[in-house]
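Examining the three-dimensional arrangement
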Amino acid sequence: MEPDTHIDYSQKWFILAAVAVGIFLATIDGSIVNIALPTLVREFNQELAVVEWVVLVYLLTISTLILGVGRLADIIGKKVLYLVGIVVFTLSSMLCGLSQDVYILIMFRVVQAGGATIMMALGAASVTEAFPTNERGKALGINGLMVSLGVIIGPTIGGIILEGLSWHWLFFVNLPVGIVGIFMVARYVPQVKSGRKQQFDI
């Protein structure tokens, strides 16, 4: 396969770093709350069967929306949609942390998962476009590593936070990282949009 000489790859590592921030946030929030379920049961004075939805609704939302996000990105462009995803994720993380009712928390977890879905669906595609063909395997490997790290480290970070802080910080911890990610995506990720006219089939 001929190298893509017409594409500028000079920002490839910055693009990978920007995408990796979002991927890490999206995956770590799938597991960081697990260890806090007993705490949430006590804080909200609710049964475990209700509190478990704080975790379940996040995973169900991602599973439901992830296929459609890829199609939507082909229409409006990956950068714009990725920015929307990381902004939505960051803002909803703050709202999750501010929640005073378990049902409100579950609702904001749905919104947070919507942002996470966008980042997870577009991460690999953005990295693939950012690297030449002979380096894509390495770049995608690093991207996959961030997914694994997020899943593995989540419970550990959650435990450390709960040891010294309230459960609210399980979500507030996303804010500084998310803000950095927003600026990195805005600065480094290029806007690539399909030249063909496409429609989204709901």
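Residues numbered from 1 in each chain as written. Predicted model: local features only at pLDDT ≥ 70, side-chain atom pairs only at ≥ 80, totals over all residues. Heavy atoms only, no water.

**Structural notes on the pattern of salt bridges**
The line we're drawing: Counted as salt bridges are all cases of a side-chain nitrogen of Lys or Arg within 4 Å of a carboxyl oxygen of Asp or Glu. The helix and strand labels rest on DSSP assignments: H or I over at least four residues marks a helix, E over at least two residues marks a strand, and numbering proceeds from the N terminus. Burial classes: relative accessible area under 20% of the type maximum marks a residue as buried, over 50% as exposed, and values in between as partly exposed (1.4 Å probe, protein chains only).
In total, this model carries two salt bridges according to the counting rule given. When the shortest N-O distance is used, the salt bridge between Lys12 and Glu135 registers 2.6 Å. With Lys12 in helix H1 (residues 12-28) and Glu135 in the loop between helix H6 (102-130) and helix H7 (136-164), this residue pair connects regions lying 123 residues apart in the sequence. No difference in accessibility class separates Lys12 from Glu135, as the two residues are buried. Of the charged contacts in the structure, one is a salt bridge between Asp29 and Arg109, with a shortest N-O distance of 3.5 Å.

**Observations regarding the packing of H1 against helix H9 (residues 174-188)**
The angle between the axes and the distance between the axes are what describe a pair of packed helices. Spelled out, the test is: For helices, the fitted axis covers only the stretch in contact; all axes are lines through C-alpha atoms, and the angles between them, taken along N-to-C directions, range from 0 to 180 degrees. By definition, any crossing whose near helix is turned counterclockwise from its far helix by less than a right angle is left-handed, and any crossing with a clockwise turn is right-handed. In this analysis, two residues are considered to be in contact whenever any of their non-hydrogen atoms come within 4.5 Å of each other. When residues are sorted by character, Ala, Val, Leu, Ile, Met, Phe, Trp, Tyr, Cys and Pro go into the nonpolar class, Asp, Glu, Lys and Arg into the charged class, and all the rest, Gly among them, into the polar class.
Closest axis-to-axis distance for the H1/H9 pair is 9 Å, and the angle between their directions is 145°. Our pair here, H1 against H9, has a crossing hand that is left-handed. Across the interface between the two elements, Phe14, Ile15, Ala17, Ala18, Val21 and Leu25 of H1 pack against Asn174, Val177, Gly178, Gly181, Met184, Val185 and Tyr188 of H9. Split into classes, the residues belonging to the contact of H1 with H9 amount to 10 nonpolar, three polar and no charged.

**A few points about the nonpolar core**
As a reminder, the rule being used: The term nonpolar core refers to a set of buried residues drawn from Ala, Val, Leu, Ile, Met, Phe, Trp, Tyr and Cys, joined through side-chain atoms within 4.5 Å.
Membership of the largest hydrophobic core comes to 30 residues, with the highest contact counts inside it found for Tyr58, Tyr82 and Leu122. Sorting the residues of this core by element identifies H1, helix H4 (53-76), helix H5 (78-98), H6, H7 and H9 as the ones contributing at least two each. At nine residues, the largest contribution of residues to this core is made by H1. With 20 residues, the next largest nonpolar core counts Ile32, Leu40, Val50 and Val55 among its residues.

**What to know about the side chain of Thr61**
Applicable threshold: Polar contact is the term for a pair of N or O atoms within 3.5 Å; when the atoms are in protein, one must be able to donate a hydrogen and the other to accept it, and sequence-neighboring residues count only if both atoms are side-chain atoms.
Within the fold, Thr61 resides in helix H4. Side-chain polar atoms of Thr61 contact the backbone oxygen of Val57, separated by 2.7 Å. Apart from the residues lying within four places of it in its own chain, the contact partners of Thr61 are Val110, Ala113, Gly114 and Thr117.

**Things to note about H6**
Rules: By definition here, a helix of n residues has an expected span of 1.5 Å times n minus one. A residue's bend is given by the angle between axes fitted to the 7 residues ending at it and the 7 residues starting at it.
In this model, H6 (29 residues) spans 41 Å end to end at C-alpha, consistent with the 42 Å of a helix rising 1.5 Å per residue. Of all the bends found along H6, the most pronounced is centred on Leu122 and spans about 40°. With a side-chain oxygen lying 2.8 Å from the backbone nitrogen of Tyr103, the N-terminal cap of H6 falls on Asp101.

**Let's talk about the side chain of Thr117**
Tracing the sequence through the fold places Thr117 in helix H6. Looking at Thr117, the relative accessible area reads 0%, which means it is buried. Here Ala113 takes part through its backbone oxygen, which lies 2.7 Å from a polar atom of the side chain of Thr117. Discounting chain neighbours no more than four positions away, the residues touching Thr117 are Thr61, Ile62, Leu65, Ile66 and Val69.

**A word on the environment of Leu149**
Relative to the assigned elements, Leu149 resides in helix H7. We classify Leu149 as partly exposed; its relative accessible area is 30%. For Leu149 and Gly178, which are 29 residues apart along the polypeptide, the C-alpha to C-alpha distance reads 17 Å. The contacts of Leu149, once residues within four sequence positions are left out, are Phe24 and Gly154.

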